[in-house]
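# A closer look at the structure
Each chain, letter by letter, is given below.
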Amino acid sequence: AEKRVLKPLVRNFFMIVPMEYKHLGSLPPHWIVDSLMQHLGQEYYIGLLSAASLYGATNQQPMSFQVITNKERRNIELERGLIEFHCYKNCFSAAKEQLTLPTGYAKISSREQTLLDLVRFYTSCGYLSNVATVVKDLSKECRTQLLAKVVRNESTDSVLQRLGYILESTGYHSMALVVEQQLKSRRIQFIPLRPDFRVNSDNCQRANRWKLLINDVLEIEK
């Protein structure tokens, strides 16, 4: 009989690793994430760089497999990398698609939702320059009317301000306009592009369209 390895991932949940995956130490995480999250009884979707990578929009393989969920969870260590959980309170209403896999299905954020989430969790996605590089790639296949729906559903103004600026900087003007129209209906204030950097508001360049203090330079890979 072919040898299979049982690996415990969380309490009472085991992953069966067939021989052909033994060298990796685990199945591809997106194959098991749906059963894992059902076992945990949590809402989830594959997101961030992992979603971008499954859509073919990033040339770097993310080191960890990024999952967005509705409750805080500790990361799960795999032989190579991590399953990394990010808690987002609007996880249920986020725009998702179904990914068909050899093991069944998994939920993944839509391309348009992924744009917003990359900005929301930018510190886990290689910071804003890397986010902008991925956004530039991913936006090629985004649709403005789908973006408009996701943007309406977004409760955090700062995510939209930063995304609008990135879309404008990467040349996606009709998508930037969709974000701007939504922001016009909100009362937004000036915020720093990068909240973890100091801002000297006297001599800081301003992007008035997005009400941003430009305290970081976006280095976007061509």
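What comes next is a walk through the structure. (Residues numbered from 1 in each chain as written. Predicted model: local features only at pLDDT ≥ 70, side-chain atom pairs only at ≥ 80, totals over all residues. Heavy atoms only, no water.)

### Quick look at the sheet that holds strand E11 (residues 212–214)
Pairing within the open sheet is mixed, and its three strands lie in the order E9-E11-E10. Each edge of the open sheet carries a strand with a single partner, namely strand E9 (191–192) and strand E10 (205–207). Bridge count between E10 and E11: three bridges; the pairing is antiparallel. Residue Ala 207 lies in a different strand from E11, and its bridge partner there is Leu 212. (Pairing = 2+ DSSP bridges. Helix = DSSP H or I, 4+ residues; strand = E, 2+ residues; numbered from the N terminus.)

### Details of the state of the cysteines
Summed over all chains, the structure comprises zero disulfides. Cys 87 forms no disulfide, and the closest cysteine sulfur to it belongs to Cys 91, at a distance of 8.0 Å. Cysteine Cys 125 remains unbridged, with the sulfur of Cys 142 as its closest cysteine sulfur at 15 Å. (Disulfide = S-S within 2.5 Å.)

### Structural notes on unusual backbone geometry
For Leu 48, which is not glycine, the phi torsion reads 55° and is therefore positive. Examined against the element boundaries, Leu 48 turns out to sit in helix H2 (residues 48–54). The exposure class of Leu 48 is buried, given its relative accessible area of 0%. Positioned with a positive phi, Tyr 127 is a non-glycine residue whose angle comes to about 70°. Among the secondary structure elements, Tyr 127 is positioned in helix H4 (residues 127–138). (Buried < 20%, exposed > 50% of the residue type's maximum accessible area, 1.4 Å probe, protein only.)

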